[in-house]
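# Overview (structure and organization)
Now for the letters of each chain:
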Amino acid sequence: MFENPPGSWREELRATLRLATPLVGANLLQMMVFALDVVFVARLGPEALAASSLAVALFGLLIWSLTGLVGAASPLIAAELGRRAHAVREVRRTVRMAAWAGLAAAWVVIGVCSLGGPLMRLTGQHEAVIVRAVPFLQILMWAVFPMILAALLRTVIATLGRPGVGTAVTALGVAVNALGNWTFVFGHLGMPAMGLAGSAMSSVVTSTAMLAAYIVVIWRDRRLRRYHLFGKWWKPHWTRLADVLRIGLPICATIVAEAGLFNGAAFLMGRIGEQELAAHAMALQFAAMSFQVPFGIAQAATIRVGLAYGARDNAAITRAGWLALALGVGFMAATALIMLFAPGLILSLYMDPHDPANARVVAFALQFMMVAAAFQLFDGAQAVGQGVLRGLQDARVPMAIAIFGYWVPGLGSSIVLGLYTPLGGVGVWIGLLVGLVVVAALVLWRWSARGRLGLLPV
C-alpha cells in the first residue's frame, strides 16, 4: 500500500514521481496502440483511412468520456485508503459500483454507434466514406465493454499502489494490436484478409487481451488479491454508486467540453483550407503527445491529494497539489521552448520541411506553433489543476468552468478570429489559447481558494 502522506516536499516529490512515471508511460503507449491502427489502415488507401478516422473520432470521444466516469473510482478509493489503510470492503464496493456505472453507460455507446450512419450524414460527410465507416464502427463498438473495464482496473490498480502494471499491460496491447492488424487486415496466420473490418476486429481483440491481463495480475498479485475485487459483483451499494456518479458524470462532461473545443477547431480549419488543416494536425499532434506527461501527473495528483484528503491532512494536500502543478507546468514550459526554438525539428517528424512542395503547410505550421508554445503552459496547468481538484472530490464546479471556458471564450474566439478576421488559422489557435487560459485561471483560482470555498476536510 502507499505510504501515508509524506511530511516533506522531497518525500512528496519522490512519491509523486514514482506514481506519475509509469502512468505517463502507459498514456504514451496507449497513443501508440491507436497510431498502429492508422499505420495499417493507411496502406488500404485514403478512403479507408478517412472512414476509419471518422468512426474512431466518434467512438474515441465516447470511450474517453466513459473513462472519466469510471475514473471517479480513483479519488474515492484514495480517500478511503487515506482514512484507513485496509479499507478492503470500501475499495471493493467502489470498484463494483464503478463497473456497474461503466457497463450501463457502455450500452449508451452501443446505441450511439448504431446510429453512426445518420450522425455522419448530419455532419455532411461524403457518402462513399460513410458507407465504409459504418461497418467498421459496427464491429469497433463491441470493444467498449472490455475497454471500459480495462480502464477501470488500470485506475484501480494504480491507486492501490501498482502503477507500473498499466504500463506493462498497455505495452502488451501495442504488441497484440500490431499482430492483430497484421493478421486480420491483410490475412495472415490462416485468417482471411478482412481489410478495414480487420482493424476493428483487432481493436476488439486487443482490448479483450488487455482486460484479461489486468484480471490475471489482480488474481496473482498478493497485494491486489486481498481486496477480492471480483467478489459479490451482483450486490448493489446505492450510496457508493451515487458517489461514483456524483464525481464521474461531471468528469465526463468536462471531457466532452474539451473535446468539443478541439474538434470544433478542426472543423473550422477545414473550412479555412486544406493546407491549414494539415498544418493544424501536425502542430496539434505534437501538443497531444506532450500533453500525456501532465495528464499522467494529473492522474498521480488525484491519488496523492485523495490520500491526504482521506487522512484529513491539509498540509499534505497543499504539498501534493502544488508540487504536481509545478511538475506539470515545468514540463510543458520545456516543450514550449522546443516549439519556439526548434520548430523545424518537430515538423521533420511528419514531413520534409525543406521540400518546396511543403512550403505553405510548413509556413502555417510554424505560425501555429508560436501560439502553441503559450498554449502548452496553460494546457498543463488546467490538466493538473483538474486532477488536484478531483483529489478533493470536487468535480461539479470544474465541469462548469470547462464548459464555459472552452465553449464560450474559447470556441467563440476561434470562430470570430478564424472566420471573420485576416488571422485565419492563427485566429483559430488564438481561440484555443483563450479557452485554455480561462479554464486554467479559474481552476487554479479554485485550487488556491480551496480553504475559503470549503473544499478541505474538517
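Look up a bit, the structure's there.
A brief look at the structure comes next. (Residues numbered from 1 in each chain as written. Predicted model: local features only at pLDDT ≥ 70, side-chain atom pairs only at ≥ 80, totals over all residues. Heavy atoms only, no water.)

## Here's the deal with the nonpolar core
Core analysis: the biggest nonpolar cluster contains 133 residues, and Phe 59, Val 144, Leu 160, Phe 375 and Trp 429 have the highest contact counts within it. Of the residues forming this core, the biggest block, 15 residues, is contributed by helix α12 (residues 274-310). Once residues within four sequence positions are removed from consideration, Val 144 is found in contact with Phe 59, Ile 63, Leu 66, Ala 106, Val 109 and Ile 110. Counting residues in hydrophobic clusters, the runner-up holds five residues, among them Leu 29, Val 33, Leu 36 and Phe 40. (Core = buried A, V, L, I, M, F, W, Y, C linked by side-chain atoms within 4.5 Å. Buried < 20%, exposed > 50% of the residue type's maximum accessible area, 1.4 Å probe, protein only. Helix = DSSP H or I, 4+ residues; strand = E, 2+ residues; numbered from the N terminus. Contact = heavy atoms within 4.5 Å.)

## Quick word on the packing of aromatic side chains
Throughout the structure, instances matching the rule amount to twelve aromatic pairs. Between Trp 100 and Trp 238, the ring centres sit 6.1 Å apart and the planes meet at 70°, which makes this aromatic pair edge-to-face. Separated by 138 residues along the polypeptide, Trp 100 in helix α4 (residues 88-114) and Trp 238 in helix α11 (residues 238-272) bring together distant segments of the chain. Accessibility expressed as a relative area gives 28% for Trp 100, which makes it partly exposed. Between Phe 364 and Phe 368, the ring centres sit 6.4 Å apart and the planes meet at 20°, which makes this aromatic pair stacked. Of this pair, Phe 364 and Phe 368 both sit in helix α15 (residues 359-391), four residues apart, which is roughly one turn of that helix. In this pair, the class of Phe 364 matches that of Phe 368, namely buried. By way of ring pairs, the aromatic residues Phe 262, Phe 364, Phe 368, Phe 375 and Trp 429 are connected into one cluster. (Phe/Tyr/Trp six-rings, centres within 6.5 Å; stacked < 30°, edge-to-face > 60°.)

## Considerations on unusual backbone geometry
Located in the positive-phi region is Leu 189, a residue other than glycine, with phi close to 55°. Along the chain, Leu 189 turns up in the loop between α8 (164-186) and α9 (196-220). Among the residues examined, Leu 189 registers a relative accessible area of 64% and is labelled exposed. Look at Arg 312: it is not a glycine, yet its phi comes out positive at around 60°.

## Focus: the side chain of Ser 65
Within the secondary structure, Ser 65 sits in helix α2 (residues 46-70). A residue is classified by how much of its surface remains accessible, and Ser 65, at 9% relative accessible area, is buried.

## Re the pattern of salt bridges
The full count for this structure, using the stated rule, is nine salt bridges. Note that Glu 12 and Arg 304 form a salt bridge whose closest N and O atoms lie 3.2 Å from each other. Here Glu 12 is found in helix α1 (residues 9-42), whereas its partner Arg 304 is found in helix α12, with 292 residues between them in sequence. The same class applies to Glu 12 and to Arg 304, which are both buried. One salt bridge connects Arg 84 with Glu 90, and the closest N-O pair in it is separated by 3.1 Å. Overall, the relative accessible area of 45% leaves Arg 84 in the partly exposed class. (Salt bridge = Lys/Arg side-chain N within 4 Å of Asp/Glu carboxyl O.)

## Describing a nonpolar patch on the surface
Taken together, the side chains of Val 256, Ile 403, Phe 404, Trp 407, Val 408 and Leu 442 present a nonpolar region at the surface, about 490 Å² in accessible area. Sort the elements by how many residues they give to the nonpolar patch and helix α16 (residues 396-420) lands first, with four residues. When you line up the elements, Phe 404 lands in helix α16. When its relative accessible area of 41% is taken as the criterion, Phe 404 is described as partly exposed. (Patch = residues over 30% accessible without salt bridge, like charges linked within 9 Å, V, L, I, M, F, W, Y side chains within 5 Å. Areas by Shrake-Rupley, 256 points an atom, 1.4 Å probe, with all protein chains shown as cover.)

## Section: the packing of α11 against α16
Orientation of α11 relative to α16, taken along the N-to-C sense of each, is 5°, at an axis distance of 8 Å. The angle between the axes of α11 and α16 places the two elements in the roughly parallel class. A breakdown of the residues in the contact of α11 with α16 according to their chemical character gives 16 nonpolar, six polar and four charged. (Axes fitted to C-alpha atoms, helices over the stretch in contact; angles between N-to-C directions. Parallel < 35°, antiparallel > 145°, perpendicular 65-115°, else oblique. Nonpolar A, V, L, I, M, F, W, Y, C, P; charged D, E, K, R; others polar.)

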